[in-house]
Amino acid sequence: MTSALKQNQKHRLTKSYSAFTTISPVKLAFGAILSLFIISSCSDPARVGIELAPGNNQIGVVFEEFELPAEVVLLDSFKTTNQAILIAGEEVDPFFGKTSATGYSRLFISSATARPTSDAMLDSVHFSLNIANVDGTDLDEPKYFAIHKLAEPILDTTYYNFDKLEYEASPFSSGELVFGEETDTLATFQVDEKFAEEIFSKMQFGLEFNDLFTFRDYFPGIAVKAREGDNSSIGIAIGSSTGLKVYYHYEGDTLSTLYNISTASSRSFNGIKNDRAGTPTAVVTEPKTAYDVGPTVGMKAGLGMVIKLDTSPFDAFLDTLVGITFNQVALEIGELEPQDETQHVPANIAMYFTDSNNEVLTTSTGIPLSVQTDGYPQVYTDENGDEVPNTNSPAALIYDSESREYSQLITSYVNAIFRGQLTRKDWLLYGGFLSNDGSDAFKKSTRQFVVNKNNVKVKVIYSKSK
């Protein structure tokens with residue numbers, strides 16, 4: 001028996017989910033073991049075992065696979081306050097419908113910054129967007145974005161993905177961008193001439209720039225919008241690079257002076273509107289309810305649409321087994337339905353435990369419960385001597401861009417179920433890791449994918465003794 005197979009049988013896999021590569025570790029592991037089936041050129045599991053371990057006819061190696069039924073769930077509204085990224089997009093999709101994303105932010109000035117005096121001369125005013133990522137179709141065609149002045153303030157409260165604010169109908173700055181292969185860029189748009197003159201005059205003579213509070217009374221903030229029909233979205237990084245840039249000079253100056261009105265240290269949020277009329281997801285009307293939407297299911301970030309997996313087939317499968325050892329168990333999702341290469345999918349997917357109310361189950365301290373990384377404990381013994389679910393090493397399905405599949409090893413999880421250490425729960429597949437600290441990628445884009453339900457499979461290789 002090879003040392004690689006011995007390691008597999010002893011469950012010594014310790015590959016971390018954090019190294020996101022384009023080569024799936026599941027494919028590598030399954031490819032190595034499945035190649036043994038091909039080399040043996042036989043269909044009898046017992047014969048395979050004999051050939052793998054000459055002289056030992058007690059070992060049989062079996063490969064099986066089964067599907068996990070899938071539905072879609074619209075999560076309850078979630079916080080988008082201060083995510084460090086503004087989303088601006090307009091997308092139309094036959095599965096998800098029409099999605100509009102608007103980024104809202106206050107602006108920031110420092111009272112310590114010198115203001116232009118009465119003899120200063122205005123050079124230019126423009127608005128800069130620090131674009132961190134781009135998603136959409138036909139990116140070699142112009143995409144239009146507009147910056148509007150808010151008509152009401154952003155309050156010191158929590159904002160959710162369904163929230164919105166009123167803003168002026170006409171933008172004070174706008175422009176078109178052709179991204180091509182650029183996925184990040186610093187875009188600069190000219191501002192309306194009348195607006196430029198007004199704000200420069202107030203900088204020189206008005207009370208509006210005396211301090212941050214009077215400034216925000218005058219200028220509550222911005223809303224960044226995309227154009228209908230462009231079928232694209234951008235993520236804009238909050239900070240000193242995103243905001244108004246006012247350049248002026250005095251007589252005799254050879255260089256302009258910059259007065260920066262930025263989004264640094266500013267409260268912000270993203271609002272998402274979605275019209276699913278005429279699509280398979282039109283039946284999805286209530287949050288936290290699982291819906292059968294036909295032969296395909298999908299996930300869309302920002303909107304909060306996720307996939308629920310019915311894991312009851314594990315019971316039917318495990319109930320048939322006795323005296324076996326799991327060599328490898330994997331969950332594979334894909335091949336995904338076709339979409340443009342510039343329409344990105346979530347980088348990784350967590351597998352959270354859920355209940356009949358489609359809530360993510362948590363510990364008593366609020367930590368989400370999920371499948372843990374393969375090779376790591378799925379449970380631990382608490383201070384009362386009870387085995388409880390581990391939360392220290394949450395697993396993630398990894399995306400392979402070549403095969404267009406998500407996959408991850410779940411051998412340790414299945415072992416824990418088989419041994420009765422864990423009670424089987426259904427899963428909510430979430431495009432990243434749940435967090436309220438600004439690190440939750442699922443709240444900061446409109447990434448998506450659709451997959452046929454027949455392509456949600458568990459693949460198992462196990463050994464058995466006679």
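Structure: see above.
1. Concerning the packing of aromatic side chains
- Scanning the entire structure with this criterion turns up 29 aromatic pairs.
- The interplanar angle of 45 degrees and the centroid separation of 6.0 Å between the aromatic rings of Phe200 and Tyr248 together place this pair among those described as tilted. Residue Phe200 is located in helix α4 (residues 193-205), and its partner Tyr248 is located in strand β11 (residues 243-249); the two are separated by 48 residues in the primary sequence. Tyr248 shares its class with Phe200; the two are buried.
- Judged by centre distance (5.8 Å) and plane angle (80 degrees), the ring pair of Phe209 and Tyr259 falls under edge-to-face. Taken together, the residues Phe209 in the loop between α4 and α5 (212-218) and Tyr259 in strand β12 (residues 257-262) connect sequence positions 50 residues apart.

2. Details of the nonpolar core
- By size, the foremost hydrophobic cluster in this structure holds 62 residues, and its most contacted members are Phe326, Leu331, Ile410, Trp427 and Leu429.
- Here Ile410 is in contact with Phe314, Val329, Ala330, Leu331, Met351, Val371, Asp374 and Trp427, once residues within four sequence places are set aside.
- Membership of the second largest hydrophobic core comes to 39 residues, among which are Ile109, Ala120, Val134 and Phe195.

3. Here we look at the pattern of salt bridges
- Scanning the entire structure with this criterion turns up 14 salt bridges.
- Between Lys300 and Glu91 there is a salt bridge; the shortest N-O distance is 2.7 Å. Of this pair, Lys300 sits in strand β15 (residues 296-300) while Glu91 is found in strand β3 (residues 85-93), placing the two residues 209 residues apart along the sequence. Glu91 carries the same exposure label as Lys300, and that label is buried.
- Through salt bridges that share partners, Glu176, Arg227 and Asp230 make up one connected network.

4. Here's the deal with α4
- Over its 13 residues, α4 extends 18 Å from the first C-alpha to the last, a length consistent with the 18 Å expected when each residue adds 1.5 Å.
- Those residues of α4 that sit buried are Phe195, Ala196, Ile199, Phe200, Met203 and Gln204. Taken end-on, α4 shows its buried residues confined to a sector of 165 degrees, consistent with a single buried face. In α4, the exposed residues that point more than 90 degrees away from the buried face are Lys194 and Phe205.
- Looking at the packing, one finds that the buried side of α4 touches β5 (121-136), α5, β11 and β12.
- Between the side-chain oxygen of the N-cap and the backbone nitrogen of Lys194 there are 3.2 Å, and the N-cap of α4 in question is Asp192.

Rules of the game
For every chain, the first residue of the written sequence is number 1, and numbering continues from 1 onward in sequence order. At least 70 in pLDDT is required for a residue's local features to be given in this predicted model, at least 80 for side-chain atom pairs to be given and counted, and no such filter applies to totals for whole chains, interfaces and linings, which use all residues. Only heavy atoms go into the side-chain values, all of them from the structure, while hydrogens and water stay out. Stacked, tilted and edge-to-face are the three classes applied to pairs of Phe, Tyr and Trp rings, where Trp contributes its six-membered ring and a pair requires centres within 6.5 Å; stacked means planes under 30 degrees apart, edge-to-face means over 60, and tilted covers the rest. Strands are runs of DSSP state E lasting at least 2 residues, helices are runs of H or I lasting at least 4, and numbering of each runs from the N terminus. Between buried and exposed lies partly exposed: a residue is buried under 20% and exposed over 50% of the maximum accessible area for its type, with that area taken using a 1.4 Å probe on protein chains only. Only buried residues count toward a nonpolar core. Its members are Ala, Val, Leu, Ile, Met, Phe, Trp, Tyr and Cys residues joined through side-chain atoms within 4.5 Å. Between two residues, a contact is recorded if the distance between any of their heavy atoms is within 4.5 Å. Just to be clear on terms, a salt bridge is a Lys or Arg side-chain nitrogen sitting within 4 Å of an Asp or Glu carboxyl oxygen. One less than the number of residues in a helix, times 1.5 Å, gives the span that helix is expected to have. By construction, the arc corresponds to the directions joining the helix axis to the C-beta atoms. Polar contact is the term for a pair of N or O atoms within 3.5 Å; when the atoms are in protein, one must be able to donate a hydrogen and the other to accept it, and sequence-neighboring residues count only if both atoms are side-chain atoms.

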